[in-house]
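Letter by letter, the chains look like this.
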Amino acid sequence: MNKSFGRNKEYEQHLEGKLPEELERFRHSVDWPINPNDENFHLSYYFLETREGKKGGNHSGIDIKVPAQTPIYAPESGRIVSVRSDGRDDFLGDIILYSDETRIAYSLAHVQFFDLPEKIRKCKPFDRDSPIEVKKGEEIASVGYWPFENKNYDFLPEDIKALKEYYCHLHFGTEFCPDISQLKEDMNSRFNPLLILKKL
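Cut-off values and rules
Residues numbered from 1 in each chain as written. Predicted model: local features only at pLDDT ≥ 70, side-chain atom pairs only at ≥ 80, totals over all residues. Heavy atoms only, no water. Core = buried A, V, L, I, M, F, W, Y, C linked by side-chain atoms within 4.5 Å. Buried < 20%, exposed > 50% of the residue type's maximum accessible area, 1.4 Å probe, protein only. Helix = DSSP H or I, 4+ residues; strand = E, 2+ residues; numbered from the N terminus. Contact = heavy atoms within 4.5 Å. 1 Å grid on protein atoms, 1.4 Å probe; cavity = no way out; pocket = protein on both sides within 12 Å on 5 of 7 lines; lining within 4 Å. Points joined across faces, edges and corners; volume = space filled by probe spheres on them. Nonpolar A, V, L, I, M, F, W, Y, C, P; charged D, E, K, R; others polar. Phe/Tyr/Trp six-rings, centres within 6.5 Å; stacked < 30°, edge-to-face > 60°. Lys NZ or Arg CZ within 6 Å of the ring centre and 35° of its normal. Polar contact = N/O pair within 3.5 Å; in protein donor to acceptor, adjacent residues only side chain to side chain. Salt bridge = Lys/Arg side-chain N within 4 Å of Asp/Glu carboxyl O.

**Q** Looking at this structure, I do not really get the nonpolar core. What am I missing?
**A** Here is a general trend for soluble globular proteins: nonpolar side chains tend to be buried in one another's company. One finds Trp32, Ile72, Ile80, Ile95 and Leu108 to be the most contacted residues of the largest nonpolar core, which totals 47 residues. The biggest single contributor to this core is strand β6 (residues 104-112), with four residues. When neighbours within four sequence positions are excluded, Ile95 is seen to be in contact with Ile80, Ser82, Val83, Tyr106, Ser107, Leu108, Val111, Leu116, Ile120, Ile140 and Ala141. Counting eight residues, the second largest nonpolar core, distinct from the first, contains Tyr98, Phe126, Cys177 and Ile180.

**Q** What is the right way to look at the layout of surface pockets in this model?
**A** One simple way to see leftover space: roll a probe sized like a water molecule over the atoms. Quantified by volume, the largest pocket comes out at close to 920 Å³. Those elements that place two or more of their residues in the lining of the largest pocket are β1 (42-45), β2 (62-65), β5 (92-98), β6 and β9 (169-176). Residues that form the lining of the largest pocket fall into these classes: 17 nonpolar, 12 polar and 13 charged.

**Q** What is the right way to look at the environment of Gly93 in this model?
**A** Take Gly93: it is sitting in strand β5. Look past the residues within four positions of Gly93 in its chain and what remains in contact with it is Arg84, Ser85, Asp86, Leu108, Ala109, His110, Val111 and Phe113.

**Q** For this particular structure, what's the right way to read the packing of aromatic side chains?
**A** Aromatic ring pairs are reported here in terms of the distance separating the ring centres and the angle at which the planes meet. Within this structure, the stated rule accounts for three aromatic pairs. Consider the rings of Trp32 and Phe41, whose centres lie 5.4 Å apart with planes at 80 degrees: the pair is edge-to-face. By relative accessible area, Trp32 is classed as buried at 7%. With a centroid separation of 5.8 Å and 20 degrees between ring planes, the pair formed by Tyr106 and Phe172 is classed as stacked. Separated by 66 residues along the polypeptide, Tyr106 in strand β6 and Phe172 in strand β9 bring together distant segments of the chain. Tyr106 gets classed as buried once you look at its relative accessible area, which sits at 0%. Positioned above the aromatic ring of Phe113, the side-chain terminus of Arg121 is 4.6 Å from the ring centre.

**Q** Help me understand the side chain of Ser130 in this model?
**A** Relative to the assigned elements, Ser130 resides in the loop between α1 (118-121) and β7 (133-134). What makes Ser130 buried here is its relative accessible area of 1%. Among the polar contacts made by the side chain of Ser130, one reaches the main-chain amide nitrogen of Ile132 at a distance of 3.2 Å. Residues in contact with Ser130, not counting those within four places in the same chain, are Arg79, Ile80, Val81 and Cys123.

**Q** What should I look at first to understand the pattern of salt bridges in this one?
**A** Side chains that carry opposite charge are capable of pairing whenever their charged atoms lie near each other. Within the structure shown, the criterion is met by 10 salt bridges. Here Asp100 makes a salt bridge to Arg79, at a shortest N to O gap of 2.8 Å. Here Arg79 lies in strand β4 (residues 78-85) and Asp100 lies in the loop between β5 and β6, a separation of 21 residues in the sequence. Judged by its relative accessible area of 36%, Asp100 is partly exposed. Measuring nitrogen to oxygen at the nearest pair gives 3.2 Å for the salt bridge that ties Lys119 to Glu138. Within this pair, whereas Lys119 is found in helix α1, its partner Glu138 is found in the loop between β7 and β8 (139-142), the two being separated by 19 residues in sequence. Accessibility expressed as a relative area gives 24% for Glu138, which makes it partly exposed. Each member of the salt-bridge network shares a partner with another, and the members are Arg7, Glu10 and Glu49.

**Q** So what exactly am I meant to see when it comes to the side chain of Thr70 here?
**A** Within the fold, Thr70 resides in the loop between β2 and β3 (71-73). Polar side-chain contacts of Thr70 include one of 2.7 Å to the backbone oxygen of Pro67. Not counting residues within four places of it along the chain, the set of residues in contact with Thr70 comprises Ile34, Asp38, Ala141, Ser142 and Val143.

Below, the structure written as structure tokens:
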């Protein structure tokens, strides 16, 4: 991977955290949802950081900055159990992929909602019995474009809006969810995704 891009060079400093004991055998074995060999691959926001890039925040995953429409792949085989728009329009949406084998729920946020594969778009929010299966490595979405000119995005700070297309990114989170009935209630144990993703 090209270490000159963004904050990738800080990767080794952000491998802290604890995995649930049941997941230790999966440490650094899961594929990245974005190809880490992409020349635009840029880790821009780490787990439990503040917006200023300091440790001690509440960021629930990692952000991978890449251009809009960059393909997103299933990190492991599982079921799509939630698809929803971000509530402002049909530009951006969120997907949750659940593995019945590892009991990990993968959150993939800020995807291009209006261009999802047909079978995935059929999933309703928090359909815990969803039969929509995907295979590891299957393209399941693409990174969304933030339409800052849309009034629904007026909530964003001016310094963010000034970035325009440079703000496009995938938010990737992981939660250990042994009881999928808890998924909607958000009672699961979130952990640092870098602990199960393959090492860079």
